[in-house]
Amino acid sequence: MEELRELLAPLRECRPAEVWLENPPHGNLCLLSNGLEAFLMHLPDAEGEHPGWTTRAAEGEDRNKAVSGFVLSNGQVDEFPAS
């Protein structure tokens, strides 16, 4: 875990940031950051044996309204649930 922290530390200065970590056969992890917030998304393996997930807003927040905008590496701006 410490190695991952060190690897991702420079991202605090990057706005925006999109990082993909690939770990076959367990799927891929995507980190999006807009400088203030981050969004994590796990995409399952091709066989569907490992379920995917995303980060979500904290309990008590209106999850239908809490969204954050992120710029993807291709320039597209997407909104995802705040987390």
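Keep in mind the model is a prediction, meaning the values are calculated, not measured.

Undergrad: Whenever I open this one, the layout of surface pockets confuses me. Can you help?
TA: A water-sized probe, rolled over the atoms, reveals where empty space remains. As a volume, the largest pocket reaches approximately 320 Å³. What lines the largest pocket is Met1, Leu4, Arg5, Leu8, Ala9, Leu11, Arg12, Cys14, Leu31, Ser33, Gly35 and Ala38. Counting only elements with at least two residues in the lining of the largest pocket, the list comes to α1 (2-8) and β2 (28-33). The greatest single-element share of the lining of the largest pocket, amounting to three residues, is contributed by α1. Class assignment for the residues of the lining of the largest pocket results in eight nonpolar, two polar and two charged.

Undergrad: In this structure, what is going on with the sheet that holds β2? I would like to understand it.
TA: Two pairing modes exist for strands in a sheet, parallel and antiparallel, and in both the strands are linked by backbone hydrogen bonds. Taken together, the four strands give an open sheet; going across it, the order is β1-β2-β3-β4, and neighbouring strands pair in antiparallel fashion. Each edge of the open sheet is held by one strand with a lone partner, namely β1 (17-22) and β4 (53-54). Pairing analysis gives six bridges linking β1 to β2, with the strands arranged antiparallel. Looking at β2, one finds that Glu22 is bridged to Asn28.

Undergrad: Help me understand the packing of aromatic side chains in this model?
TA: We describe a pair of aromatic rings using the distance from one ring centre to the other and the angle between the two ring planes. In total, this model carries three aromatic pairs according to the counting rule given. On the numbers, 6.2 Å between centres and 50° between planes, the contact of Phe70 with Phe80 is tilted. Of this pair, Phe70 sits in strand β5 (residues 67-71) while Phe80 sits in strand β6 (residues 77-81); the two residues are 10 residues apart in sequence, bridging distant segments of the chain. By relative accessible area, Phe80 is classed as buried at 17%. These aromatic residues form a ring-pair network of at least three members: Phe39, Phe70 and Phe80.

Conventions adopted
Residues numbered from 1 in each chain as written. Predicted model: local features only at pLDDT ≥ 70, side-chain atom pairs only at ≥ 80, totals over all residues. Heavy atoms only, no water. 1 Å grid on protein atoms, 1.4 Å probe; cavity = no way out; pocket = protein on both sides within 12 Å on 5 of 7 lines; lining within 4 Å. Points joined across faces, edges and corners; volume = space filled by probe spheres on them. Helix = DSSP H or I, 4+ residues; strand = E, 2+ residues; numbered from the N terminus. Nonpolar A, V, L, I, M, F, W, Y, C, P; charged D, E, K, R; others polar. Pairing = 2+ DSSP bridges. Phe/Tyr/Trp six-rings, centres within 6.5 Å; stacked < 30°, edge-to-face > 60°. Buried < 20%, exposed > 50% of the residue type's maximum accessible area, 1.4 Å probe, protein only.

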